[in-house]
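Given next are the chains, with one letter for each unit.
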Amino acid sequence: MDLTAVALLVSFISVSLSADNAGGKVRSCADVRQFYSGKGFTLNGVPQSEISGEHLRICPQGYTCCTSAMEDTLSNLSRREFEGLVREAGRSIQASLNAQYRTFDTYFLELLNGSERWLEEAFVASLGDLYRPNAGVFRDLYAELRRYYSGASLNLEEVLDEFWMRLLERLLKASDPETASLLSDDFLECASKQTETLRPFGDAPRELKTKLVRAFIAARAFVQGLNVAGEIVRKVSQVPLSLECNRAIMKLVYCPHCRGLGSIKPCVNYCKNVMKGCLANQADLDTEWQSFIAVTLLNTVASSFGAEPSMDTVIYSIPVRISEAVLAMQENMEIYTSKVFKACGDRGEEGTPSSISEEPKKKGSTVTVLEYKPSPKSAARLEVQVTDVSSKLKEMQFYWIQLPSALCSGKTASSTSSDKCWNGITKASYLPEVMGDGLANQINNPEVEIDITKPDRTIRQQIMLLKIMSNRLKNALNGNDVDFQDTSDDFSGSGSGMCADHLCVRGRPPVFGPKTDRPKLYAYAPENKRVKGSGNQIQPSVILLVLLLATLLLRR
């Protein structure tokens, strides 16, 4: 009786182990061999037909066409591919940010260059010989404005003050060339101190400073914001895959092949749980990222570029205000110089009268006050700029929480019947609910085992950097000059946020999953967690129980 019982138990075990093996028939591994060699791997050691799968450490332990070496190889491949796809998705966002940067940068510099050309053409025509020897003063102003916009550590108000002081000096010397050599450095310094009370240029300096400083601060803040956003995307997209996530990706992507189900796509909710688990830390950027995009960058576009006066009006107001200032100085030269000479003397001796002020001044050329009227064409171009930049920024506002779904769309996950997809164990429906976004919501993720008490350090640093930059940009939007030079020193790492042209991948984020020329990527869930499915696979725990009963019977 005992031997008969043992024989029955052994027969039951044999039937159980082959229950899902095509009714007991050994299946060929031809499809798996073709798939494996298509990835560029050698077929040495690849089974011709299915073997018992007790050796598998990631994939379900049923009959399989994968050896331990194959499982390790495919696991490493899945890690490289997944990390590559996340980087590729990040590069597409970087490319979009870079495109916005180039578009605005081109537009802004064209305005600045056009403003400078207009000033030179108008002043050469009206002032002639008076302008040419002093042209460097105006060119230096525009050069400093470009430097400031490009991120140089300059105080823009000081740049403008320095310009007006240099212009005053040149105009004083030009007013009477014969006595210009008598104007000592001490005298010129004294004269510059009188400008606040004597106001030789009228209201032009104040009016220019009010609008120009605010516009340049906003423009620089915008391009700096694009740089910071691109750099954050780059760093976060390069965070390496954790061991637990690597297992989950392998189980999602390549374990179906090992089970002879290579033509079956993963269940979409199964894929989302894997992605939400693997990208949980990245999703935690969402709150600060949305704030950074919406509150700072979009507000910059809406409140500064398209507001009145518009950006082109402000930039072209530079020649207008300078022409007003020069005309005011010319009209009031005699009154101004008499007061200055009375206060400063001719050689910096305060209170000493100067013979210079008593001599008649020669009338020179008079500058024509300029007037800028935006053309319909420039207004239309500005509207296109604002609309395009705003729409592109809005598209990337929810990037970090939309990334898991983007990687599970298209060819990656099944969009057909819910019971005809790979659920991590077999071809069946996927029962667990989809987890929320972010690290805290992954505590019960059935596919990726995550310690929610240990967030990724690199990503936490980028979240903090977003907070810092948001505050800086908000200050810039309020007209406060912000120095962005130490941005890269807030945390480790540096570099431009704009990807190089040969690295930028334009277009929408890539679809996660295999293509005809690229292996599939999927992953495995923790070994101590099982997905509930409707397949007919015998669980390893049942087999162990039967073996235990057989051992007890043999001992009797």
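Every chain begins its residue count from 1, and numbering advances along the sequence as written. In view of the model being predicted, local features appear only for residues whose pLDDT reaches at least 70, and side-chain atom pairs are presented and counted only at 80 or more, with totals across whole chains, interfaces and linings using the full set of residues. No hydrogens and no water enter the side-chain calculation; it runs on all heavy atoms of the structure.

Asker: Teacher, can you tell me more about the packing of helix α9 (residues 243–253) against helix α11 (residues 268–278) here?
Answerer: For any two helices packed against each other, one specifies the crossing angle of their axes together with the interaxial distance. Axis definition: a line fitted to C-alpha atoms, over the contacting stretch in the case of helices. Angles run 0 to 180 degrees between N-to-C directions. Numbering of helices and strands runs from the N terminus, with a helix taken as a DSSP run of H or I at least four residues long and a strand as a DSSP run of E at least two residues long. Look at α9 against α11: their axes get within 10 Å of each other, and the N-to-C directions meet at 160°. Considered as vectors, α9 and α11 are oriented roughly antiparallel to each other. For the pair α9 and α11, the sense of crossing is left-handed. Residues C245, A248, I249, K251 and L252 of α9 form the contact with α11, whose participating residues are Y270, C271, V274, M275 and C278. Of the residues belonging to the contact of α9 with α11, the class tally is nine nonpolar, no polar and one charged. In this scheme, roughly parallel covers angles under 35 degrees and roughly antiparallel covers those over 145, while 65 to 115 is roughly perpendicular and the rest are oblique. Whether a crossing is left-handed or right-handed is set by the direction in which the near helix is turned from the far one by less than a right angle, anticlockwise for left-handed and clockwise for right-handed. Should any heavy atoms of two residues lie within 4.5 Å, those residues are considered in contact. Gly falls in the polar group here, along with every residue not listed as nonpolar (Ala, Val, Leu, Ile, Met, Phe, Trp, Tyr, Cys, Pro) or charged (Asp, Glu, Lys, Arg).

Asker: What's the story with helix α3 (residues 68–127) in this structure? I'm lost.
Answerer: Because the α-helix completes a turn every 3.6 residues, residues three or four places apart line up on one side. By this rule the span expected of a helix is its residue count minus one, scaled by 1.5 Å. For α3, which comprises 60 residues, the first-to-last C-alpha distance of 86 Å matches the rise-based estimate of 88 Å (1.5 Å per residue) to within 8%. One or two positions beyond α3, positive phi appears at G128, with a value near 55°.

Asker: Is there a simple way to explain the environment of T458 in this structure?
Answerer: The residue T458 is located in helix α18 (residues 457–477) in this model. Burial here depends on accessible area, computed with a 1.4 Å probe over protein chains only, as a share of the maximum for the residue type. Under 20% is buried, over 50% is exposed, and the range in between is partly exposed. By relative accessible area, T458 is classed as partly exposed at 33%. T458 sits 222 residues away from V236 along the chain, and the two C-alpha atoms are 7.3 Å apart.

Asker: Explanation requested: the state of the cysteines in the structure shown.
Answerer: The bond known as a disulfide is covalent and runs between the sulfur atoms of two cysteines. Disulfides are defined as cysteine sulfur pairs within 2.5 Å. Taken as a whole, this structure holds six disulfides when the rule is applied. Across the disulfide from C267 sits C421; the S-S distance is 2.0 Å. On the sign convention where negative is left-handed, the bridge of C267 and C421, at about 90° about the S-S bond, is right-handed. Taken together, the residues C267 in the loop between α10 (255–258) and α11 and C421 in strand β1 (residues 421–422) connect sequence positions 154 residues apart.

Asker: Would you mind going over helix α15 (residues 333–344) with me for this structure?
Answerer: For α15, built from twelve residues, the straight-helix expectation of 16 Å at 1.5 Å per residue is met to within 8% by its first-to-last C-alpha distance of 16 Å. Taken together, the buried positions of α15 are occupied by M333, Y336, T337, V340, F341 and C344. Here the buried residues of α15 occupy an arc of 125° about the axis, which is enough to place them on one side. Turned more than 90 degrees away from the buried face of α15 sit E334, I335 and K342, all of them exposed. On its buried face, α15 sits against α5 (156–175), α6 (185–193), α7 (195–198) and α14 (311–331). Throughout, the arc means the angular range of directions from the helix axis out to the C-beta atoms.

Asker: I'm lost on unusual backbone geometry in this one. Help?
Answerer: Keep in mind that most residues, glycine aside, have a negative phi and that most peptide bonds are trans. Of note, the phi angle at R199 is positive, near 45°, even though the residue is not glycine. With respect to the secondary-structure elements, R199 resides in the loop between α7 and α8 (204–237).

Asker: I keep staring at the pattern of salt bridges and nothing clicks. Help me out?
Answerer: Any two side chains of opposite charge can pair, given that their charged atoms come close. Throughout this description, the term salt bridge denotes a Lys or Arg side-chain nitrogen within 4 Å of a carboxyl oxygen of Asp or Glu. Evaluation of the coordinates by the stated rule reveals 17 salt bridges. One salt bridge in this structure joins D203 and R199, with 1.9 Å as the shortest N-O distance. Assessed through its relative accessible area of 45%, R199 is described here as partly exposed. Through salt bridges with shared partners, one network takes in E207, R321 and E324.

Asker: Please clarify how the environment of I315 should be interpreted in this entry.
Answerer: By the secondary structure assignment, I315 is in helix α14. Since its relative accessible area comes to 0%, I315 is described here as buried. For the pair I315 and A215, spaced 100 residues apart in sequence, the C-alpha separation works out to 8.4 Å. Apart from residues lying up to four places away in sequence, I315 is in contact with F108, L111, L112, S115 and F216.

Asker: Just to check I follow, could you spell out empty space enclosed by the protein for this structure?
Answerer: Taking a probe equal in size to a water molecule and rolling it over the atoms shows the remaining empty space. Within this scheme a cavity is a closed region of a 1 Å grid, computed over the protein atoms alone, that accommodates a 1.4 Å probe without allowing it to escape, whereas a pocket is open but has protein on both sides within 12 Å along at least five of seven lines; lining residues each have an atom within 4 Å of a point. Grid points are joined across faces, edges and corners, and a volume is the space filled by probe spheres set on the points. Evaluated as defined, the whole model comprises four cavities of 30 Å³ or more. Here the largest cavity is characterised by a volume of approximately 70 Å³. What lines the largest cavity is L127, L130, Y131, N134, F138, L167, R170, L171 and V326. In terms of residues, the lining of the largest cavity owes the most to one element, α5, which gives three residues. Of the residues that constitute the lining of the largest cavity, the class distribution is seven nonpolar, one polar and one charged.

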